[in-house]
Amino acid sequence: IVPGNRDMTTGRPPELRVLPPLPSVAEALDAFLTSLIGEEVDDGVVIRSILLTSSVSAAIRANHYHKKDAHYVYLISGKMEWRERPAGDTGEGIMAILEPGDMVFTPPMTEHVSCALVPSVFLAFATEPRSREEYEEDTVRVSLIGEKV
């Protein structure tokens, strides 16, 4: 209230209109991501779970494939090496360096692995639920590169 700003009728300061608090960035992001669950996002692909994952430098993640699950990985920050190949293939497969804003899609039966080149944060949008039991039942461990962290 500006000093001296008074209601002409009552002589009191005007009533303040208190607005509800704005959501934090985390709350807004959570609401947005939650709204995607169960939605078709791309040519029949329906998101069933969303995971936020952070990795320290040199962390190797995944080194597996899923029998049914497909997922998108969206890099929020950092830099990662991403590799994938058809399940059971012994070749080198394909490799990409992901930077913030990059997204890759991994279909079922595709071995995949990531290696954080610097501390990194990514979102995984999966087509199957990620309860521990369902996830483990759908996941087959491989050793595309290094050891799993």
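Our structure is the block above this text.
Residues numbered from 1 in each chain as written. Predicted model: local features only at pLDDT ≥ 70, side-chain atom pairs only at ≥ 80, totals over all residues. Heavy atoms only, no water.

Trainee: Sorry if this is basic, but what is going on with the nonpolar core here?
Mentor: Grouped burial of nonpolar side chains is what soluble globular proteins tend to show. In terms of nonpolar packing, the biggest core is built from eight residues, these being Val73, Leu75, Met80, Trp82, Leu98, Val104, Phe122 and Ala124. When contributions to this core are tallied by element, the ones reaching two or more residues are strand E5 (71–86) and strand E8 (110–126). In terms of residue count, E5 provides more of this core than any other element does, four residues in total. Setting aside anything within four residues of it in sequence, one finds Leu98 in contact with Leu75, Gly78, Lys79, Met80, Trp82 and Val104. (Core = buried A, V, L, I, M, F, W, Y, C linked by side-chain atoms within 4.5 Å. Buried < 20%, exposed > 50% of the residue type's maximum accessible area, 1.4 Å probe, protein only. Helix = DSSP H or I, 4+ residues; strand = E, 2+ residues; numbered from the N terminus. Contact = heavy atoms within 4.5 Å.)

Trainee: What is the right way to read a negative patch on the surface from this model?
Mentor: On the surface, Glu39, Glu40, Asp42 and Asp43 cluster together to form a negatively charged patch. Inspection of the secondary structure assignment puts Glu40 in strand E1 (residues 40–42). Take Glu40: its relative accessible area is 55%, and that puts it in the exposed class. (Patch = residues over 30% accessible without salt bridge, like charges linked within 9 Å, V, L, I, M, F, W, Y side chains within 5 Å. Areas by Shrake-Rupley, 256 points an atom, 1.4 Å probe, with all protein chains shown as cover. Salt bridge = Lys/Arg side-chain N within 4 Å of Asp/Glu carboxyl O. Lys, Arg positive; Asp, Glu negative; His and termini not counted. Charge placed at Lys NZ, Arg CZ, Asp CG, Glu CD.)

Trainee: Looking at this model, I keep getting lost on the pairing of strand E4 (residues 60–66). Mind explaining?
Mentor: Regular strands have side chains that alternate between both faces of the sheet. In terms of burial, E4 is largely enclosed, as six of its seven residues are buried. Sheet topology places E4 next to E8; four bridges connect them, and they run antiparallel. For Arg61, the partnering residue across the bridge sits in E8 and is Ser114. Of the strand pairs in this sheet, E4 and strand E9 (residues 139–141) are connected by three bridges, and their pairing is antiparallel. Bridge pairing in E9 places His64 opposite Arg141. (Pairing = 2+ DSSP bridges.)

Trainee: Just to check I follow, could you spell out a nonpolar patch on the surface for this structure?
Mentor: Among the surface-exposed residues, Leu52, Tyr74, Ile76 and Met103 lie close enough to one another that they form a single nonpolar patch of about 380 Å² accessible area. The topology assignment puts Ile76 in strand E5. Classification of Ile76 by relative accessible area gives partly exposed; the value is 35%.

Trainee: Where do I start with the pairing of strand E7 (residues 103–106) in this structure?
Mentor: Only one face of E7 is covered, namely the one carrying Val104 and Thr106; the face carrying Met103 and Phe105 has none of its residues buried. Pairing geometry for E5 and E7, over four bridges, is antiparallel. The partner of Val73 across the bridge, within E7, is Val104.

Trainee: In this structure, what is going on with the pattern of salt bridges? I would like to understand it.
Mentor: Scanning all chains against the criterion turns up six salt bridges. The partner of Glu81 in a salt bridge is Arg83, and the shortest N-O contact between them spans 2.6 Å. Of the residues examined, Glu81 reaches a relative accessible area of 16% and is grouped as buried. Between Glu136 and Arg132 there is a salt bridge, with the nearest N and O atoms lying 2.7 Å from each other. Here Glu136 and its partner Arg132 are both found in helix H2 (residues 132–138), four residues apart, which amounts to about one turn of the helix. Take Glu136: its relative accessible area is 32%, and that puts it in the partly exposed class. Overall, Arg132 belongs to the exposed group, its relative accessible area being 59%.

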